[in-house]
Amino acid sequence: MSNSVFHKTRYTVTSLCFILLFLFTLFLFSNRALEPSLSLYRPSFWLTKSQFRSSNATHVRDKQNPPADNETVANVGEEKRERCDLYSGTWVKDDGYPIYKPGSCPYVDEAFDCQSNGRPDSDYLRWRWKPDGCDLPRFNATDFLDRLRGKSLMLVGDSMNRNQFESLLCLLREGLTNKSKMYEVHGYKITKERGHYIFKFEDYNCTVVYVLSHFLVKEGVRINEQGNSNPTLLIDKIDKTSDRWKRADILVFNTAHWWVHGKTARGINYFKEGDYLYPKFDAVEAYRRALKTWAKWIDENFNPEKKLVFYRGYSSAHFSGGDWNSGGSCTGETEPILSGAVLEMYPLKMKIVEEVLREMKVPVTLLNVTRLTNSRKDGHPSMYGKKSTDGKTKSTRREDCSHWCLPGVPDAWNELIYATLVFKKLL
Ligand SMILES: *[C@@H]1O[C@H](CO)[C@@H](O)[C@H](O)[C@H]1NC(C)=O
Ligand SMILES: *[C@@H]1O[C@H](CO)[C@@H](O)[C@H](O)[C@H]1NC(C)=O
Ligand SMILES: *[C@@H]1O[C@H](CO)[C@@H](O)[C@H](O)[C@H]1NC(C)=O
Ligand SMILES: *[C@@H]1O[C@H](CO)[C@@H](O)[C@H](O)[C@H]1NC(C)=O
C-alpha cells in the first residue's frame, strides 16, 4: 500500500520533471526561432556592440545559422573571422597589388592620379592590409556588386570621401566585363568643383553616390556691420544635403579635416546654436556637438532595419617641416612606417566619435582606419597632385600630404567595407 503510494509519487515527480524539461526546451527553441525574423542588417548591431565592448563575447556568433553542437573546424574559423579585429594589423608587401592598374581607371581625378602626374616610384602601390587575427577576404568586385543589387551606396563627407568614392568606383569597375555598363547618370566628369555624383551600374541596378558635406551640419553666412558676409556653422542643425542621405541604403559618413582649418579652428564669431553666435568657441567641443546633431538626426530618420551605416574614422596626414598651407612636405617618402609610437596616434576627435556612436540607437559600424593610415606617409600625392607640364613636374607651392594617390590607401578602406559585409554576412 505505502509502497504503491511511493511509486505513484515518484512517477508524478518524474513526469513533472519531463514536462518541465520539455517546456524549457520549447522555450529555448521559440527564442531561436525568433532570431531569423530579425532584419538582414541586424548583425551590424552585433558588430558595433562587440567592437565597443571589445570582449570576446559569444553573441557575435551568426544568429541566423547557429553552429551545430559538433562544431566543425570551418565553423570555428568562421567565428574567429567574425570576431577578428580588422583594424589591428600591419601592411604587407604583395605583388598581387594594386587591384586596378594605375592610370587605367577613368574615375580617378587628376588630384589623385599620381603615376600619370609623374610620380616616379611605385612600391607604394604594393601594400596590402593584413589584420593580425585573420586574413581579409580577397576583394571580389562581382560579389560586392551582387550584394549591392537594387541598392544605393552613398559616401557623405569632404574631399577625403571623394577620394574613397573614386577608389570604390575603380574597384567595382574591375567586376564589369563591359566597362561601359557603368556611368554617371548626368554624364558629369568627376572634379573637385561638383558636390554630387551618381554612378549607375546598369547590370546590377545599383548606384554608388557621392555627396559633399564638409561638416555634416549646416553651413551658413552672417552679414556683419561692415556689410561683409562671413561663414558660420550651425552646429545644432543638420546639413541641407541630408534629404539626399535618406535615399541611400548603405551610407559611409565622415567629417574631420575641415575642423582644423582657419575659421573653424579659431572659432571666432563662427559657431552658432539656435540664434546665438558664439563670440569664441572651442572647435573640439563644437565637433562633439555637431556629431551629436548628426547622430540624433540619424536616430530620428533612419530605420535600423533598412539602412546600413558606417562612419569612416580619421585619416592621418603626414606634413613635415610645415603644415598643409605653410610648406609642409611628404615628397620622397617611398616606404610606410612599420613600427614606432607614431602608429599609436589616435586623435581626440576619434574618441569623441566613439563616444557619440556608442550612444546611438541606430547601430553604426566604425571603419577604424586611423591606425592603418598612420603608417602610410608614402601614400600621399605630395607634389604629384597635378599634371606635369612639358614633361617635368612643376614643384607646386602646396603639397598634398592628406589625400591619397589612387590606386592606394582608400582601396584598403573599401576592402574593409567588403570584408565587413562578408564576415558579418550583411546584404
Ligand atoms: C567572385 O564572386 C562571384 C559571385 O559571387 C563568384 O561567382 C566568383 O567565383 C568569385 N570569384 C572569385 C575569384 O572568388
Ligand atoms: C531596381 O532597384 C529599385 C530599387 O532601388 C527597384 O525599385 C526596382 O524595381 C529595380 N529594378 C529592377 C529592374 O530590378
Ligand atoms: C557595352 O555596353 C554598351 C552600353 O550598354 C553597349 O552599347 C555596347 O554594345 C556593349 N559592348 C559590348 C562589346 O557588348
Ligand atoms: C580604433 O583603433 C584604435 C587604435 O588605433 C583603438 O585604440 C580603438 O579602441 C579602436 N576603436 C574601436 C571602436 O575599435
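As annotated in an unreviewed UniProt entry, the protein is trichome birefringence-like 5 from Hibiscus trionum.

K.L.:
Can you help me understand the sheet that holds strand S8 (residues 229-238) in this one?
P.N.:
Where strands meet in a sheet, backbone hydrogen bonds hold them as pairs that are either parallel or antiparallel. With mixed pairing, the 4 strands of this open sheet are ordered in space as S7-S8-S10-S11. Both edges of this open sheet fall to strand S7 (217-223) and strand S11 (276-277), since each of them pairs with a single strand only. Bridge count between S8 and strand S10 (residues 271-273): 2 bridges; the pairing is parallel. Across the sheet, the residue bridging to Leu-233 is Phe-271, located in S10. Where helix H8 (residues 283-301) meets the sheet, its contacts fall on S7, S8 and S10, and the angle it forms with S8 comes to roughly 50 degrees.

K.L.:
I keep staring at the state of the cysteines and nothing clicks. Help me out?
P.N.:
Two cysteines form a disulfide when their sulfur atoms are joined by a covalent bond. Counting across every chain of the model gives 4 disulfides. Through a disulfide, Cys-84 is tied to Cys-134; the S-S separation comes to 2.1 Å. Between Cys-84 and Cys-134, the disulfide has an S-S torsion of -80 degrees and is therefore left-handed. Here the residue Cys-84 occupies a position in the loop between helix H3 (73-83) and strand S1 (89-93), and Cys-134 occupies one in the loop between strand S2 (127-131) and helix H4 (141-148), the gap between them amounting to 50 residues. With respect to burial, Cys-84 and Cys-134 carry one shared label: buried.

K.L.:
Would you mind showing me how to read the nonpolar core here?
P.N.:
If you look at soluble globular proteins, the nonpolar side chains tend to sit buried side by side. Counting 58 residues, the largest nonpolar core has Phe-144 and Phe-201 as its most contacted members. For this core, the leading source of residues is helix H11 (residues 409-423), giving 10 residues. In this view, Phe-144 contacts Phe-139, Leu-153, Leu-168, Leu-172, Asn-414, Ile-417, Tyr-418 and Leu-421; residues no more than four positions away in its chain are not counted. In this structure, Phe-215, Leu-233, Ala-290 and Val-364 belong to the second largest nonpolar core, which totals 40 residues.

K.L.:
Help me understand the side chain of Asp-113 in this model?
P.N.:
When you line up the elements, Asp-113 lands in the loop between S1 and S2. Within the buried set, Asp-113 has no salt-bridge partner at all; the shortest N-O distance to an opposite charge, 4.3 Å, is to Lys-387.

K.L.:
I would appreciate a short explanation of unusual backbone geometry in the present structure.
P.N.:
A negative phi angle is the norm for most residues apart from glycine, just as the trans form is the norm for most peptide bonds. The omega angle of the peptide bond from Tyr-97 to Pro-98 is 0 degrees, so this bond is cis rather than trans. Counting through the fold element by element, Pro-98 comes out in the loop between S1 and S2. For the peptide bond that leads from Leu-406 to Pro-407, omega is -5 degrees, which places it in the cis range. Its place among the elements puts Pro-407 in the loop between helix H10 (370-374) and H11. With a phi close to 70 degrees, Leu-216 is a non-glycine residue in the positive phi region. By secondary structure assignment, the location of Leu-216 is in the loop between strand S6 (206-212) and S7. Judged by relative accessible area, Leu-216 falls into the buried class, the value being 1%.

K.L.:
Even after reading the chapter, I still don't get the site of ligand 3, so can you show me in this structure?
P.N.:
Within the structure, ligand 3 sits among Asn-178, Ser-180, Lys-181 and Glu-202. Within the side chain of Asn-178, an N or O atom sits 2.3 Å from an oxygen atom of ligand 3. Computed on the free molecule, ligand 3 has an accessible area of 360 Å², of which 30% lies beneath the protein chains in the complex. When the residues that make up the shell around ligand 3 are grouped by side-chain class, the tally is no nonpolar, 2 polar and 2 charged.

K.L.:
Honestly, the sheet that holds strand S9 (residues 250-253) in this entry has me stumped. Any pointers?
P.N.:
Spatial ordering of the open sheet is given by S4-S5-S6-S3-S9-S12-S13, a layout of 7 strands whose pairing is mixed. Edge strands, defined here as strands with exactly one partner in the open sheet, are strand S4 (182-184) and strand S13 (364-367). Geometrically, the sheet is characterised by an average inter-axis angle of 20 degrees between neighbouring strands, direction not taken into account. Packed on one face of the sheet, helix H9 (residues 348-358) meets strand S12 (308-312) and S13 and runs near 160 degrees to S13.

K.L.:
What am I meant to see in the packing of aromatic side chains here?
P.N.:
Aromatic ring pairs: the centre-centre distance and the angle between the two ring planes describe each pair. Tallied over the full model, the rule gives 22 aromatic pairs. Clustering of aromatic rings is evident, with ring pairs tying together Phe-215, Trp-258, Trp-259, Tyr-270, Phe-271, Tyr-276, Tyr-278, Phe-281 and Tyr-287. The cationic tip of Arg-194 hangs over the ring face of Tyr-197; the distance from NZ or CZ to the ring centre is 5.9 Å. Its end group placed over the ring of Tyr-287, Lys-349 keeps NZ or CZ at 5.7 Å from the ring centre.

Basis of the calculations
- All residue numbers here refer to positions counted from 1 along the written sequence of the relevant chain.
- A letter from A marks each chain and a number from 1 marks each ligand, given out in the order of writing.
- The model is predicted, so local features are restricted to residues of pLDDT at least 70 and side-chain atom pairs to those at 80 or more, both for listing and for counting; the totals for chains, interfaces and linings are taken over all residues.
- Derived side-chain values reflect all non-hydrogen atoms in the structure, with water molecules and hydrogen atoms excluded from consideration.
- A pair of strands counts as paired when DSSP detects no fewer than two bridges linking them.
- Put simply, DSSP marks the helices as runs of H or I at least four residues long and the strands as runs of E at least two long, and each gets a number from the N terminus on.
- Residue contacts are defined here by distance: any two heavy atoms, one from each residue, within 4.5 Å place the two residues in contact.
- Think of each axis as a best-fit line through the C-alpha atoms, taken over the contacting stretch in the case of a helix, with angles from 0 to 180 degrees between the N-to-C directions.
- Disulfides are defined as cysteine sulfur pairs within 2.5 Å.
- Burial here depends on accessible area, computed with a 1.4 Å probe over protein chains only, as a share of the maximum for the residue type. Under 20% is buried, over 50% is exposed, and the range in between is partly exposed.
- In plain words, nonpolar cores are sets of buried Ala, Val, Leu, Ile, Met, Phe, Trp, Tyr and Cys residues tied together by side-chain atoms within 4.5 Å.
- Positive charge is attributed to Lys and Arg, negative charge to Asp and Glu, and no charge count is given to His or to the chain ends.
- Any carboxyl oxygen of Asp or Glu that lies within 4 Å of a side-chain nitrogen of Lys or Arg is treated as forming a salt bridge with it.
- Neighbouring residues are identified by heavy atoms, a residue being near a molecule or strand if any of them is within 4 Å of it.
- In protein, a polar contact requires one atom able to donate a hydrogen and another able to accept it; more generally it is a pair of N or O atoms within 3.5 Å, and residues adjacent in sequence count only if both atoms are side-chain atoms.
- For the accessible areas, the method is Shrake-Rupley and the probe is 1.4 Å, while residue cover comes only from the protein chains on display.
- Lys, Arg, Asp and Glu make up the charged group, whereas Ala, Val, Leu, Ile, Met, Phe, Trp, Tyr, Cys and Pro make up the nonpolar group; the residues left over, Gly among them, are polar.
- Side-chain rings of Phe, Tyr and Trp, where Trp is taken by its six-membered ring, are said to pair if the distance between their centres is within 6.5 Å; with planes under 30 degrees apart they count as stacked, over 60 as edge-to-face, and otherwise as tilted.
- Two thresholds decide whether a charge sits over a ring: the Lys NZ or Arg CZ must be within 6 Å of the ring centre and within 35 degrees of the ring normal.

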